[in-house]
Amino acid sequence: MPGSWQTRQVEMEGWYATLAIDQDTAVEALSRDYQPYAHILTNIKGLVLDIGGGAGLAGAYMDPDTEYIVIDPSLSWTTERWAAIRRRLSPHRTEFNFVLGTGENLPFPSQSFDAALAFWSLNHASNPGQCIAEIHRILKPCGRALLVLEDMEPGWIDILQLVGQALMRKLGRPVRNPLNWGSAKDVIWRKLSGQPWPLQSDHQRIVERELVHWLHGQFRVVNRSWIGGFLSYELEA
Ligand SMILES: C[S@@+](CC[C@H](N)C(=O)[O-])C[C@H]1O[C@@H](n2cnc3c(N)ncnc32)[C@H](O)[C@@H]1O
C-alpha cells in the first residue's frame, strides 16, 4: 500500500536533496535520464506545460523559442542549488517559469497550451487520472503530450523485446535503448508468478489498463515505447 501523498512527497524530496549535494553526480544522472528523450523534446514547439516538472530540466532539451512553464507542488526545486544544476544542464534557458500547484487542478484556461509533459510525475500524484483529464483540458486541439511513467509492468510483447536484447548481448551485438528491468529470466518468472510489479515506496501504482482507460476518448496514442526502461506515451489531444 503506498503511503499518503505527503509521506511520499517527503521521501521524494529527501531523495532529490541527497542527489543535489554533489552537483556533478546530479548533472550526470539527470542528463542520463533526459538524454533518451532529447529527440522528442527538440520537436516540441510553442507554449509548453511541464506537470510535476521539478527543476525545469526538460526545458534544456527544447528549442529556446518554446515558452516553457513548470507546475509542481514542491517548493524544494526553487533553491539556488537546483538553479545551479539547471544552469549547467540548460545554459541557453536561464528564465524559469515556476507555478506552485498540482496536475489535478491546473490553474490555466482550457485549450491554452501547445504541448504538455509529465516526466516521472504521474506516479507521484494522488489522482493521475484527473491529471490526464486536466492535461487534455488545457491542450489546444491536436496539442501534444508526453507522459513518462514509472514502475509499469511490461506486457508479454515487451518481454519478448527484453529476450531479444539478451540474445543480442550474447551475440556481442549492440543493444539500442536497453530495457532495465533485470534479467529476462527473472522478469518472466515474476510475470508468470503473478506477483505485483515492484513499486518504489514514494510511488503510487499505475496499471497500463487503467491508463489506457483514462486516455480513451481524449487522446490519440501517437507512440507507445519503453525509453530508458520507462513506459512513455506520446499523445495527441
Ligand atoms: C520524480 S519527480 C520528477 C521531477 C521532474 N519531472 C524531473 O524530471 O526531474 C516527481 C515530481 O512530481 C511532483 N508531484 C507530486 N505530486 C504531484 C501532483 N499531484 N501533480 C503534479 N506534480 C506532482 C513532485 O513534486 C516532483 O517534483
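Source: prediction; values computed, not measured.

K.L.:
Would you mind going over the domain arrangement of the chain with me for this structure?
P.N.:
Often, the extent of an interface is quoted as the loss of accessible area on bringing the components together. In terms of domain boundaries, the chain breaks down into domain 1 (5–152 + 200–236) and domain 2 (156–193). Relative to domain 2, the C-alpha centre of domain 1 lies at a distance of 27 Å. Contacts between domain 1 and domain 2 engage 5 residues on the former and 7 residues on the latter. Summing both partners gives a buried area of about 480 Å² for domain 1 against domain 2, and 38% of it is carried by carbon and sulfur. Put simply, Arg 224 and Asp 158 hold a salt bridge, and the shortest N to O gap is 2.8 Å. For the interface between domain 1 and domain 2, the tally reads 5 residue pairs in polar contact (both at pLDDT 80 or more).

K.L.:
How do you make sense of helix α8 (residues 208–215) when you look at a structure like this?
P.N.:
Note on helix geometry: an α-helix contains 3.6 residues per turn, so any two residues three or four positions apart are oriented the same way. For α8, the set of buried residues is Glu 208, Leu 211, Trp 214 and Leu 215. Taken down its axis, α8 places every buried residue within 115 degrees of arc, on the same side. For α8, the exposed residues set more than 90 degrees away from the buried face come down to Arg 209 and His 213. Here the buried face of α8 lies against α5 (128–138), β5 (139–149), β6 (220–227) and β7 (230–236). Gly 217 sits one or two residues past α8 and shows a positive phi near 80 degrees.

K.L.:
For this particular structure, what's the right way to read the sheet that holds β6?
P.N.:
The strands that make up a sheet are held in pairs by hydrogen bonds between backbone atoms, and each pair lies either parallel or antiparallel. In space, the 7 strands of this open sheet follow the order β3-β2-β1-β4-β5-β7-β6, with mixed pairing throughout. Each edge of the open sheet is held by one strand with a lone partner, namely β3 (97–100) and β6. With strand direction ignored, the average angle separating the axes of adjacent strands in the sheet is 15 degrees. Note: strand β1 (residues 47–51) against strand β4 (residues 113–119), 3 bridges, orientation parallel. Its bridge partner being in β4, Asp 50 is matched across the sheet by Leu 117. Seen against the sheet, α5 touches β1, β4 and β5 and runs at an angle of roughly 145 degrees to β5.

K.L.:
Looking at this structure, I do not really get the nonpolar core. What am I missing?
P.N.:
A general tendency of soluble globular proteins is for nonpolar side chains to be buried together. Grouped together as the largest cluster of nonpolar side chains are 37 residues, with contacts concentrated most on Leu 49, Leu 147 and Leu 211. A domain split of this core shows at least three residues from each of domain 1 (5–152 + 200–236) and domain 2 (156–193). Leu 41, Ala 58, Met 62 and Val 70 belong to the second largest nonpolar core, which has 34 residues in total.

K.L.:
Hey, could you run me through the environment of Phe 98 in this one?
P.N.:
Secondary-structure assignment places Phe 98 in strand β3. Owing to a relative accessible area of 21%, Phe 98 belongs among the partly exposed residues under this scheme. Note: C-alpha distance between Phe 98 and Val 70 (28 residues apart in sequence) is 4.9 Å. Excluding residues within four positions of it along the chain, Phe 98 makes contact with Gly 54, Val 70, Asp 72, Ser 74, Leu 75, Trp 77 and Thr 78.

K.L.:
What should I look at first to understand the packing of aromatic side chains in this one?
P.N.:
What describes a pair of aromatic rings is the distance from one ring centre to the other and the angle between the planes of the rings. For the coordinates displayed, the defined rule picks out 13 aromatic pairs. Pairing Tyr 37 with Phe 119 gives two aromatic rings, centres 5.1 Å apart and planes at 90 degrees, and the pair type is edge-to-face. Taken together, the residues span a long stretch of sequence, with Tyr 37 in the loop between α2 (23–34) and α3 (38–41) and Phe 119 in strand β4 at a distance of 82 residues. Here Tyr 37 falls in the buried class, since its relative accessible area comes to 0%. For the pair Phe 108 and Phe 113, a centre-to-centre distance of 5.1 Å together with 85 degrees between the ring planes defines the contact as edge-to-face. Phe 108 gets classed as buried once you look at its relative accessible area, which sits at 15%. On the basis of relative accessibility, which here comes to 2%, the residue Phe 113 falls in the buried class.

Cut-offs applied
Residue numbers restart at each chain and count upward from 1, following the sequence in its written direction. Predicted model: local features are reported for residues with pLDDT of at least 70 only, side-chain atom pairs are reported and counted for 80 or more only, and whole-chain, interface and lining totals are derived from all residues. Hydrogens and water are ignored here; the side-chain numbers use all heavy atoms of the structure. The domain boundaries here were taken from an automatic or database domain assignment. Contacts are residue-level and defined by heavy atoms, with any inter-residue pair within 4.5 Å sufficient. The term buried area denotes the loss of accessible surface (1.4 Å probe radius) that occurs when two parts are joined, taken as the sum for both partners. Salt bridges are identified by distance alone: a Lys or Arg side-chain nitrogen within 4 Å of an Asp or Glu carboxyl oxygen. Under the rule applied, a polar contact is a pair of N or O atoms within 3.5 Å (in protein, one hydrogen donor and one hydrogen acceptor; residues adjacent in sequence only if both atoms are side-chain atoms). Residue exposure (1.4 Å probe, protein chains only): buried if accessible area is under 20% of the type maximum, exposed if over 50%, otherwise partly exposed. Labels follow the DSSP assignment, with helices taken as runs of H or I lasting at least four residues and strands as runs of E lasting at least two, numbered in each case from the N terminus. An arc is given here, and it is the one of the directions from the helix axis to the C-beta atoms. Being paired, for any two strands, means DSSP has found at least two bridges between them. Orientation is described by lines fitted to C-alpha atoms, with helices fitted over the stretch in contact, and by angles between N-to-C directions that extend from 0 to 180 degrees. Definition of nonpolar core: a set of buried residues of the types Ala, Val, Leu, Ile, Met, Phe, Trp, Tyr and Cys, connected through side-chain atoms within 4.5 Å. The pairing test for Phe, Tyr and Trp rings, Trp by its six-membered ring, is centres within 6.5 Å, and the orientation test on the planes gives stacked under 30 degrees, edge-to-face over 60, and tilted for anything in between.

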